[in-house]
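Fold and geometry: a report
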Amino acid sequence: MAKKKRHSRAEIATKLVQANEMATQGKLQSEIARALGVSVMTLHRWRKAPEAREPDRTRGADDRIAELQLENSRLRRLVTDLLLEKVKLEEAAQSQSSVA
């Protein structure tokens, strides 16, 4: 039985970069895993890990996130205003129907 080897985060990150480069060259997952000295399942598990999914963000990505958060808050305010207006109109319609 083969001895299990634990890879450090730095090693994993380096191997994932190498794997991505090989994948862009059109290599198969099995070839990539063999070249890196890991199993296909290990490679898949590393790619699925939260550390691999959140690479260092660029300034443009941070700006985009801030822009989307601002738009989100504006849209929330707009929805709240429209809901309040709807409630007022419903109350006015209800009071008119009870008067008539």
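Quick summary incoming for the structure in this document. (Residues numbered from 1 in each chain as written. Predicted model: local features only at pLDDT ≥ 70, side-chain atom pairs only at ≥ 80, totals over all residues. Heavy atoms only, no water.)

Bringing the overall build of the chain into the picture now. On a plain count of helices and strands, the chain comes out with five helices and zero strands. Going from N to C terminus, the chain has its helices and strands arranged as α-α-α-α-α. Counting over 100 residues, the chain shows a buried share of 13%. Look at the contacts in the chain between residues 6 or more apart in sequence, and 35% of them connect residues 24 or more apart. Entry remark: accessible area of the chain is about 8900 Å², with carbon and sulfur atoms responsible for 55%. (Helix = DSSP H or I, 4+ residues; strand = E, 2+ residues; numbered from the N terminus. Buried < 20%, exposed > 50% of the residue type's maximum accessible area, 1.4 Å probe, protein only. Contact = heavy atoms within 4.5 Å. Areas by Shrake-Rupley, 256 points an atom, 1.4 Å probe, with all protein chains shown as cover.)

Right, let's talk about the packing of helix H1 (residues 9-24) against helix H2 (residues 29-36) for a bit. It is the contact of H1 with H2, at a shortest axis distance of 10 Å, that shows an interaxial angle of 145 degrees. Crossing geometry of H1 relative to H2 is assigned as right-handed. Counted together, Lys 15, Gln 18, Ala 19, Met 22 and Ala 23 of H1 and Ile 32, Ala 35 and Leu 36 of H2 form the full contact between these two elements. Of the residues assigned to the contact of H1 with H2, the class counts are six nonpolar, one polar and one charged. (Axes fitted to C-alpha atoms, helices over the stretch in contact; angles between N-to-C directions. Left-handed = near helix turned anticlockwise from the far one by under 90°. Nonpolar A, V, L, I, M, F, W, Y, C, P; charged D, E, K, R; others polar.)

The next point concerns the nonpolar core. Counting residues in hydrophobic clusters, the biggest one holds nine residues: Leu 16, Ala 19, Met 22, Ile 32, Ala 33, Leu 36, Val 38, Leu 43 and Trp 46. Elements represented by at least two residues in this core include exactly H1, H2 and helix H3 (40-48). In this structure Ala 19 touches Ile 32, Leu 36, Leu 43 and Arg 47, once residues within four positions along its chain are discounted. (Core = buried A, V, L, I, M, F, W, Y, C linked by side-chain atoms within 4.5 Å.)

All we've got here are geometric facts, nothing functional implied.
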